[in-house]
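So the chains spell out like this:
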Amino acid sequence: MKIVVLVKQVPDTAEERKLDPATGQLDRESTDLVVDEINERALETALRIKDTNKGTEVVAMTMGPDQATQSLRKALSMGADSGVHVVDDSLSGADTGRTAATLAAALRSTGFDVVVAGNESTDGRAGVVPAMIAEHLQLPLLGSLISAEIADDGVRGVRQGEGGTLNVRAGLPAVLTVTERFPEARFPNFKGILTAKRKPVITLSVADLGVAATPSRSVVISTAERPPRAAGRKLIDDGDAASELAEFLVANRLV
Amino acid sequence: MTNILTLIEVSHRGGIAASARGLLAAAATLGSPVAVVVSAAPLADDDVARLGELGAVKVYSAVTAAAGSVLVAPAVDALSRAVDAYRPAAVLTANSVDGREAAARLAVRVGGSVLADVVRVRSDNGTVVAQHSVFGGAYTVESVVEGGLPVLTIRQGAIEGEAPAATAEVDTVSLEATTDAATVIDQFNDDVAVSVRPELRTAATVVSGGRGLGSSENFVLVEQLADALGAAIGASRAAVDAGYIAQTAQVGQTGVSVSPQLYIALGISGAIQHRAGMQTAKTIVAINKDEDAPIFEVADFGIVGDIFTVVPKLIEAVKARSN
Ligand SMILES: Cc1cc2nc3c(=O)[nH]c(=O)nc-3n(C[C@H](O)[C@H](O)[C@H](O)COP(=O)(O)OP(=O)(O)OC[C@H]3O[C@@H](n4cnc5c(N)ncnc54)[C@H](O)[C@@H]3O)c2cc1C
């Protein structure tokens, strides 16, 4: 079975993230870039299948600028067999529609039985790219799963819905997205880091893929930064803090 | 007036989702709201009347046997047919698991673009402008769609108010089942606890608990304070991971974003990913025994103390005052 895991390089959520006020785009200079944690869980899902079924091939795919190869190297050191890097200056600032059209073309040319992605990225938080890809490829999507069983005859999973969960299934090929309920990813070991250097990474441009520019696109028209919050009163509890807090809540009509 | 489509979700038991109010309210600020509803049986008169009360001028009722057994695809089919029928200026869905997938597929199918996780909408001389709250409210960003149909996913609980009530005119169509590329629903496992507490996303007061609670038994303390204040319950990811409370209570970067009048954080350190979901609250109160906990940087009122001594006293003080 061939599993392609979609990986996105994002600013580290542990730091303060910045937007460029002029373009509304991410300020890539201001924060460390990391593999989005949810994609590591997606990769872990694929690697666990490979652990028990040696015939499994795991490909990590990313779209992003040159430095996004770092995220592929990380995926390779964790255990992915190869990487696909879609990189092209014309993709800078691509919206979800353009991103999905491009990744769908890259998936078509790479080939797969299953695509595994995160349910939403931590920077964009749109949660729409996997569904758009599924639509381009005319495939079923099992989105926002909390658990999954991937087998040669299909995928079954439990989806987190609004008022409960749903048991869902589809035949292959299929796209699925994992949530944080999936296990945390393994750390790359020393051997993994060494062998990663020898694993193949294919680079694909927009011309290679022949994706036409999308006629419709979303555009940021304004970006405003909010003033940061200021800290207020801080009491050390000496036995009376609870009643002072109760007074504060009453005075501010919060109870 | 220009039509604005809204995808109204109905539960598999038939109830109209709570997101309907905000969707129709947002649609009414942009044009004439059309409610698109997919169901296995024709809509009951009560549901039509309810959608009218919430502002739907028209109801596009798509009836298909696949409604309860095929995931999302029937909604996309219904929406794309409704786009043909009503030529809308925009389509609005909830930013729910189903809503965002339907929005994504629809945008590809009809040649539109998605504006995601929208907290406000406005019309600028006919152009639909979406407002987003980015990086935990650190930025407010506005966006538009150029050259295609805007498909907006609306953050649940973000839109206040109601659209003016209307008498909805119903257009019932039957959808043929799509079989290719289907994800089949085998079973629904409904959440059991039908809580009497307010809904987390829209509650005026939220009491959240973190790893500092130490166990699911101790998490009762959070519930007790919440009930004394008539509040909804939230949690940090660490509390969810530890199994103290269901994932649906998670507040933060990868959980729910809330903006209540009052947010009380108990035994929560205030990691940046947690703050991303609550720092737009009007008033923040934090109780933590570590005086250097980052939560105090955003707290209007902080107590450096043990939650197990401070909170029971607070509950008593609150109860005493409300008597
Ligand atoms: C990609 C990503 C996404 C994330 N998304 C989220 C998210 O959505 N929401 C979220 O919350 N986190 C999220 N996190 C995790 C986040 O980084 C923190 O790990 C988490 O918020 C910590 O939860 P906590 O504050 O409950 O636990 P801790 O950081 O362990 O803090 C516990 C606190 O309790 C205090 N305490 C202990 N005992 C007592 C006592 N008796 N009385 C008073 N205080 C006490 C301690 O002093 C401490 O400050 C995310 C992380 C990543 C990498």
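Note that the structure is predicted; figures quoted are calculated from it, not measured. (Residues numbered from 1 in each chain as written. Chains lettered and ligands numbered in written order. Predicted model: local features only at pLDDT ≥ 70, side-chain atom pairs only at ≥ 80, totals over all residues. Heavy atoms only, no water.)

**Observations concerning the overall build of chain B**
Inference 1: Summing up its helical and strand segments, chain B has 8 helices and 15 strands in all.
Inference 2: A globule of 323 residues ought to have a C-alpha radius of gyration of about 20 Å, and chain B, at 22 Å, matches this closely.
Inference 3: Projected onto the principal axes, the alpha-carbon positions of chain B cover approximately 60 × 45 × 40 Å.
Inference 4: Within chain B, the fraction of its 323 residues that count as buried is 57%.
Inference 5: If you take every contact in chain B between residues at least 6 apart in sequence, the share linking residues at least 24 apart comes to 65%.
Inference 6: Per element, the accessible surface of chain B, about 12600 Å² overall, is 48% carbon and sulfur.
Inference 7: Treating the 22 positive side-chain charges of chain B as one cloud and the 34 negative ones as another, the clouds have centres 4 Å apart. (Helix = DSSP H or I, 4+ residues; strand = E, 2+ residues; numbered from the N terminus. Rg over C-alpha atoms; globule rule 2.2 N^0.38 Å. Buried < 20%, exposed > 50% of the residue type's maximum accessible area, 1.4 Å probe, protein only. Contact = heavy atoms within 4.5 Å. Areas by Shrake-Rupley, 256 points an atom, 1.4 Å probe, with all protein chains shown as cover. Lys, Arg positive; Asp, Glu negative; His and termini not counted. Charge placed at Lys NZ, Arg CZ, Asp CG, Glu CD.)

**Digging into the packing of aromatic side chains**
The geometry of two aromatic rings is summed up by the distance between their centres and the angle between their planes.
Inference 1: Applying the stated rule across the entire model yields 4 aromatic pairs over all chains.
Inference 2: Geometrically, the ring pair formed by Phe248 of chain A and Phe301 of chain B is tilted, given 4.8 Å between the ring centres and 45° between the ring planes. One end of the pair, Phe248 of chain A, is in helix H7 (residues 241-251); the other, Phe301 of chain B, is in strand S15 (residues 301-304), on a second chain. Each of the two residues, Phe248 of chain A as well as Phe301 of chain B, counts as buried. (Phe/Tyr/Trp six-rings, centres within 6.5 Å; stacked < 30°, edge-to-face > 60°.)

**Observations concerning the sheet that holds strand S13 (residues 262-266) of chain B**
The strands making up a sheet are joined through hydrogen bonds of the backbone, oriented either antiparallel or parallel.
Inference 1: Strands sit in the order S13(A)-S15(B)-S14(B)-S13(B)-S11(B)-S12(B) across an open sheet of 6 strands; the sheet is parallel. In this open sheet, the two edge strands, each paired with only one partner strand, are strand S13 (233-236) of chain A together with strand S12 (232-235) of chain B. Pairs of neighbouring strands in the sheet enclose a mean axial angle of 15°, with direction left out of account.
Inference 2: Taken together, the 5 bridges between S13 of chain B and strand S14 (residues 283-288) of chain B define a ladder with parallel strand orientation. If you follow Leu262 of chain B over to S14 of chain B, its bridge partner there is Thr283 of chain B.
Inference 3: Where H7 of chain A meets the sheet, it contacts S13 of chain A together with S13, S14 and S15 of chain B, and its direction lies at approximately 170° from that of S15 of chain B.
Inference 4: Packing of helix H8 (residues 307-322) of chain B onto the sheet brings it into contact with S13, S14 and S15 of chain B, and relative to S14 of chain B it is tilted by some 135°. (Pairing = 2+ DSSP bridges. Axes fitted to C-alpha atoms, helices over the stretch in contact; angles between N-to-C directions.)

**Observations regarding the nonpolar core**
Inference 1: Leu107, Ile133 and Leu176 of chain A are the most contacted members of the largest nonpolar core, which has 93 residues in total.
Inference 2: Counting residues per element, this core draws most heavily on helix H3 (residues 73-86) of chain B, at 7 residues.
Inference 3: In terms of nonpolar packing, the next biggest core, distinct from the first, is built from 37 residues, Ala239, Val240, Leu314 and Ile315 of chain B among them. (Core = buried A, V, L, I, M, F, W, Y, C linked by side-chain atoms within 4.5 Å.)

**So, the domain arrangement of chain B**
Put simply, an interface is often sized by how much accessible area is lost when its parts join up.
Residues and elements named next belong to chain B.
Inference 1: What the domain assignment reports for chain B is domain 1 (3-174) and domain 2 (200-322).
Inference 2: For domain 1 versus domain 2, the separation of C-alpha centres amounts to 33 Å.
Inference 3: Between domain 1 and domain 2, the residue contacts involve 6 residues of the former and 6 residues of the latter.
Inference 4: Across the domain 1 to domain 2 interface the summed buried area is about 490 Å²; carbon plus sulfur atoms make up 49%.
Inference 5: For the pair domain 1 and domain 2, the interface holds 0 salt bridges.
Inference 6: Remark: the boundary between domain 1 and domain 2 carries 1 residue pair in polar contact (both at pLDDT 80 or more).
Inference 7: Partitioning the side of domain 1 that touches domain 2 into residue classes produces 1 nonpolar, 4 polar and 1 charged. (Domains from an automatic or database assignment. Buried area = accessible area lost by both parts, 1.4 Å probe. Salt bridge = Lys/Arg side-chain N within 4 Å of Asp/Glu carboxyl O. Polar contact = N/O pair within 3.5 Å; in protein donor to acceptor, adjacent residues only side chain to side chain. Nonpolar A, V, L, I, M, F, W, Y, C, P; charged D, E, K, R; others polar.)

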